[in-house]
Amino acid sequence: MPSIMPSMLLPVLCLLLLVSPSLSQDDAPLGVPQQIRLEKDFSAQRLSVRWQCDHGSVFDIEIYRTEFMDIVFNETVELGAGRKAGACYWNWSSAVPLECTSHSVRIRSRDRLRVSDWSGLQTTEGNDMPDNTEAQMYPQDRVVLAGSNTTFCCILGEGQVLQEIRYKKTVLQEVRVSRRSYVVTQTLQPPSNYSGTNVFCVAENISTLGNGAVIFVGYPPGDEDLTCETQDLVSAVCQWREGRSTHLAGRRGTRYWLNGRHCKILAGARLCSWKQWEGNWTLIAKNPLGIKELSDSAPLSHRVYPVAPRSVKVLVRSARNATLQWSWPYPGYETFPLTCQVNVASNGVAVTHNYSGAGLSLVSLENLWPYETYRVRVRCGALNSFWKWGDWSKEISFQTKMDRPETPDMWIWMGSDNSGLVLWKPLSQRERHGELVGYEVGQGSASGGGTPSVGVPAGQHSTALSLQDNSSQPFVTLLARNAEWASDSSRLMVPKYWADVDVTGCEISSREGGFDLSWLASANASHGYVVEWFDTSCGQYCSVDWLKVPEGTTSARIESSDLLTGVRYTISVYGLSDDPPQLLDRRHGYLEEMVPAEPVPSLEASQYESSVSLYWQEAPLQSQRGFVRGYNIYLANVSKYTLLANITDPSVRNYTIKKLGLGTYKFTVRAYTSAGEDGGSTVSIKLEPYSDLLLFEMLVSLAAMSGFLILVTALCYRKRQWVKKAFYPEIPEPKLPGQWSTSQATLDVKPSPHSVVHIVENPQWDSSKEGLVPVSEEDEDVDDSASESADTDSDEPGLLRYYNQVVGDGGQALRLPADSSSSSVGSADTDVTYTGIQTSPCTLEAPAPLEAQAAGGYRPQVHATQHPQQQQQPEQQEQRADDQPEASDPSPASFGGYKPQCTWRPDSPDGNGFDGSVGSPTSVNSSQFLIPDVSSEDSRNAGSSTSWIPSFLSGKP
């Protein structure tokens, strides 16, 4: 045990010896930094702090603006391992220019949680010290990156008061950092121009702008695309592009070094020349804001940029060929493989030909135009590993020689059967092949006749053509001649004249400023086709144009700057062969239709009855300016036009407006095309009463009346017997051969075979038939249609057809007065009663009441033949009849109203024979007329007016 204790104590003692120094070291205070020195870099606005430090690498640093003791930095910094033993240094970049005010710095050491005491303040003075009384502004002429922020400091002069600080024209908000110093900050500065941006500090009560500063805002170098090449096959020329502008110039601009050698940039050209080709190239571009490095590498043969050929000239030239030669300024081109371009230009047209070969310097130009002036230039490039074309040589000119002119393009336009125009298109400068002298036109025919050729000046391109009546298959020849040569002759048969009236031409529409035409192929068109067009309204000599189409092609498009809108063109297609050209098709069309230029001409109006007829003429073709599709007829009112009709047939040039009233009318006629209507022609007409119409109406009325009268006359003639009987009845004159008997004995009448007296078997009393009643024509026809009545104008006894009142046994028989005479016919058991017949020849008077009852029968008219009383008897009878009341006096009209003549005398004293009753007024064969009663005339007229119309219409005479 005792031996163990010493062995254990020895390690413990060693441990204590090792720990005790470290504990004593941690408890020792940290040393305060000593010998602090401050160094200022105004251009970089950097403050460098250096001090003496024994140990440790962590320090607390505070920086103040001395005058106001505003702390601007307070941080703990750890120094790097690269510091020297016993010496520490640290750099601080200030946002505010260090010239603006004084700054003070203090430092203390830090070891974990332990810190040393602060060192004393070390101060660096600014430019605002009292001994510097002038106004100042910082920074001056600084170069900064575009888009960055910059703080400006204004130090006022002693005793001045700040008014404002302006960046360009913008007033900035200032911050005071010392008694005389103010600072402002401009953010996101845009690039300035090459002269920089001005910042001004303006004090109060100062007339000038005060002090200021200039700042340059730009970019670092942006150059790119370094390329090196050779022209003499020995040296090198390197070029590059600037790229984005740095907005910096002069001593602040970009400087360049190529492979470590400085390159001078002259007149803004970014290139450097080097005497020998090195293969690898490095370019460094540098300005105050940055550095840019570019590189390039290539073998010499891959970067050959040939120079322009020298001494270009034409060695040999002809009408269609020329030989061109040039030289090279460097001997290396004599064997170097080259490819060259020869640009040949003439009349505004340039053609480039390619040639190649080692040391190429001679070429031949072929297929040139005769008598043509050409301009030539040459450039070349490397044939193998082509880099780029070299520069063009100087341009030279030369002219080829003359040659035979081209054959003229000829056509013949016929204006009639025997006359027309020979036309040809002018030869262009290339087709003339020399200075054109003129043309020669000849005429011939298949029969061998013809006319000698006629010379035509070079500026004339047509000549008149006149054919002989006896010429057979005439043709025309044409050739052109220049100063040295004549062209081949052009020969064309004269086509047949076709007028528009002989050919049905359809319409053709234009499209995109021209006419697209197609036609059916013709087997006779062995030499192709000719499409001809001209102004339809041109007259006798037209400006004709044409287009030749090769064989096998049956379509063409007509385009020409001479085509005008609103002009009708006649387009014809001819087939060409060895025979005269044949017309295959004809069309008419407008490049663009327009409204008619003039109104319809010769508008006239004429009146016919209540109608107005309008007539007008077709407008001249040159005024139509389109296909006339029809006409619109308007009634022109004060404020508007009323459309009356639309005529869709342009060949109709008249229109009639019917059923117009009297007055003044204005009518307007307008022709229209697909483009619209013309201005219209207006005509006025006043409708007057039509005198011929009145005369016509009178004639029609007279004709109608005449026709009616003729019709009535014809009908009356056909019905003459009925008319005579209805309107002019024949009243028989009483003829009595003897005296009336004074006795009232009954007159016996023997039946006669010629009697037509109707027997009434059933004598019923009828108040409407109180006497003899006439028999109607219908009943007469039934009785004896074969018998004819005697002529009333003859002396033969007429047959009076009456119904007699039958006196029978019935109680309804008429009762007669005692003094009345009556008789009966007993041979046929027929009693015929004769009433009102007096027994006395002249003095027979019946009582008034009974006479009135018998008045419906026949009253003998009393004529005073022997005594005066006989003359008064009829009047007395009539007076007595009129005095009776109507209730008991039947109307005379009901009995026919006829009175037998009282002067009747029997023809024979024999009253028993047949002849004794012939002249009796009551006999059925009496030849005496019954005279109507005056008082019953109206009743007869009424009865006849109701009965004659059916009889007249029955068709019987």
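Here is a short report on the structure shown in this document. (Residues numbered from 1 in each chain as written. Predicted model: local features only at pLDDT ≥ 70, side-chain atom pairs only at ≥ 80, totals over all residues. Heavy atoms only, no water.)

What to know about the state of the cysteines
Next up, step 1: Summed over the entire model, instances satisfying the criterion amount to seven disulfides.
Next up, step 2: A sulfur-sulfur distance of 1.9 Å marks the disulfide that ties Cys228 to Cys238. Disulfide Cys228-Cys238: torsion about the S-S bond near 105°, hence right-handed. With Cys228 in strand E18 (residues 224–229) and Cys238 in strand E19 (residues 236–241), the pair connects residues that are 10 residues apart, well separated along the chain.
Next up, step 3: Accessibility expressed as a relative area gives 0% for Cys228, which makes it buried.
Next up, step 4: The residue that forms a disulfide with Cys263 is Cys272, at a sulfur-sulfur distance of 2.0 Å.
Next up, step 5: Among the residues examined, Cys272 registers a relative accessible area of 5% and is labelled buried. (Disulfide = S-S within 2.5 Å. Helix = DSSP H or I, 4+ residues; strand = E, 2+ residues; numbered from the N terminus. Buried < 20%, exposed > 50% of the residue type's maximum accessible area, 1.4 Å probe, protein only.)

A look at the sheet that holds strand E13 (residues 170–172)
Within a sheet, each strand pairs with its neighbour through backbone hydrogen bonds, oriented either parallel or antiparallel.
Next up, step 1: Overall, mixed pairing links the five strands, which are arranged E10-E17-E16-E12-E13 in an open sheet. Looking at the sheet topology across the chains shown, the edges are occupied by strand E10 (142–145) and E13. This sheet shows a mean twist of 30° between the axes of neighbouring strands, independent of strand direction.
Next up, step 2: Where E10 lies against strand E17 (residues 211–218), four bridges are found, and the strand directions are parallel. Bridging across to E17, Val143 finds its partner in Phe216. (Pairing = 2+ DSSP bridges. Axes fitted to C-alpha atoms, helices over the stretch in contact; angles between N-to-C directions.)

Section: the sheet that holds strand E39 (residues 506–509)
Next up, step 1: Here we have five strands laid out as an open sheet, ordered E39-E45-E44-E41-E42, and mixed in their pairing. Edge positions in the sheet fall to E39 and strand E42 (545–549), since each of these pairs with one other strand and no more. Each strand axis lies, on average, 30° off the axis of its neighbour in the sheet, ignoring direction.
Next up, step 2: In this sheet, strand E45 (residues 582–590) lies alongside E39 in parallel orientation, the contact comprising four bridges. Bridge pairing in E45 links Cys506 to Arg587.

A short note on the environment of Leu427
Next up, step 1: When you line up the elements, Leu427 lands in the loop between strand E33 (419–424) and helix H2 (429–432).
Next up, step 2: A residue is classified by how much of its surface remains accessible, and Leu427, at 5% relative accessible area, is buried.
Next up, step 3: As a C-alpha pair, Leu427 and Asp409 span 18 residues in sequence and 8.6 Å in three-dimensional space.
Next up, step 4: Apart from residues lying up to four places away in sequence, Leu427 is in contact with Pro405, Glu406, Pro408, Arg432, Leu436, Tyr439 and Ala480. (Contact = heavy atoms within 4.5 Å.)

Focus on the pairing of E45
Next up, step 1: Of all nine residues in E45, seven are buried, a share of seventy percent or more.
Next up, step 2: As paired strands, strand E44 (residues 568–575) and E45 are joined by eight bridges and run antiparallel to one another. Paired with Arg568 across the bridge in E45 is Tyr590.
Next up, step 3: Linking E44 to E45, which pair antiparallel, is a turn of six residues.

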